Amino acid sequence: MGKWFPIVYDTAMKPLEQTTFKKIRTNLLHKAKGRVLEIGSGTGANFPFYKNANQVDAIEPNTLMAKKSLDRIKQSNIPIQTYMVKAEKLPFPDNTFDSVVGTLVLCTIPEPVEALKEIQRVSKPNAKLLFFEHVKMDQPLLGKLQDVLTPTWKKICDGCHLNRNTLEVIRQTGFSIEKVDSYYKKLFLAIEASNKKLD
């Protein structure tokens, strides 16, 4: 991956972040409580929105993205620790987290099913999972366009898949879907789920 993507990411996302995305993050992240795992924290866009967490363990494998998040960590009232690891192999014991957060990240993880299995392992029974993701659209023509654009988009945008059916992947992994809100004609979904594994 080139160095330019982390540099331009915040600027490119600013118009959306100042409007709809800010509202979505505010609504979703106030539900993150206790010890929180954040998957793919990037430049720390979520960090200002944690209000009810005791601490946040944030993983981000991209060194440049993690470096850009340092200022937001310093400004946070919540203790935040970052880890340079991948979601497919998390360095935490079973049943560690009360809540798990992932925003605009499951599209980029090379093995999303493996990552979700790891999330399932390290989160407590009935832990809250809070995702905000873009997904493959139901409209056939737009969905086909996403399929066509994805190979080039992946190269430009750090491995991002435009055409992932993320909601179905979450459901198939065994999480219980509790609420889904859609935005921009179902291109973006805010997903609330829970880890229904046995104690």
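Novice: What should I look at first to understand the sheet that holds strand β4 (residues 97-103) in this one?
Specialist: Across a sheet, strands are paired by hydrogen bonds formed along the backbone, either parallel or antiparallel in direction. Overall, mixed pairing links the seven strands, which are arranged β3-β2-β1-β4-β5-β7-β6 in an open sheet. Unpaired on one side and paired on the other, β3 (80-83) and β6 (176-183) mark the two borders of the sheet. Neighbouring strand axes in the sheet, compared pairwise and without regard to direction, differ in orientation by 15 degrees on average. Sheet topology note: the strand β5 (residues 123-134)/strand β7 (residues 188-194) ladder contains seven bridges and is antiparallel. Residue L129 lies in a different strand from β7, and its bridge partner there is A193. Across the sheet, helix α7 (residues 166-173) lies against β5, β6 and β7, angled at about 175 degrees from β6, the strand it touches most.

Novice: Is there a simple way to think about the nonpolar core in this case?
Specialist: Here is a general trend for soluble globular proteins: nonpolar side chains tend to be buried in one another's company. The biggest cluster of nonpolar side chains holds 24 residues, and the ones touching the most others in it are L37, I39, L90, L116, I119 and F131. Element by element, the count of residues in this core is highest for helix α5 (residues 112-122), at four residues. Not counting the four nearest positions on each side in its chain, L37 is found in contact with D57, I59, L90, F92, F97, S99, V100, V101 and V122.

Novice: I would appreciate a short explanation of unusual backbone geometry in the present structure.
Specialist: Generally, phi is negative for residues other than glycine and the peptide bonds are trans, each holding for most cases. At N95, a position not held by glycine, the phi torsion is positive, near 55 degrees. Tracing the backbone shows N95 in the loop between β3 and β4. Note on N95: relative accessible area 37%, which makes it partly exposed. A positive phi angle, near 55 degrees, is found at L104, a position not held by glycine.

Quick notes on the rules
Residues numbered from 1 in each chain as written. Predicted model: local features only at pLDDT ≥ 70, side-chain atom pairs only at ≥ 80, totals over all residues. Heavy atoms only, no water. Pairing = 2+ DSSP bridges. Helix = DSSP H or I, 4+ residues; strand = E, 2+ residues; numbered from the N terminus. Axes fitted to C-alpha atoms, helices over the stretch in contact; angles between N-to-C directions. Contact = heavy atoms within 4.5 Å. Core = buried A, V, L, I, M, F, W, Y, C linked by side-chain atoms within 4.5 Å. Buried < 20%, exposed > 50% of the residue type's maximum accessible area, 1.4 Å probe, protein only.

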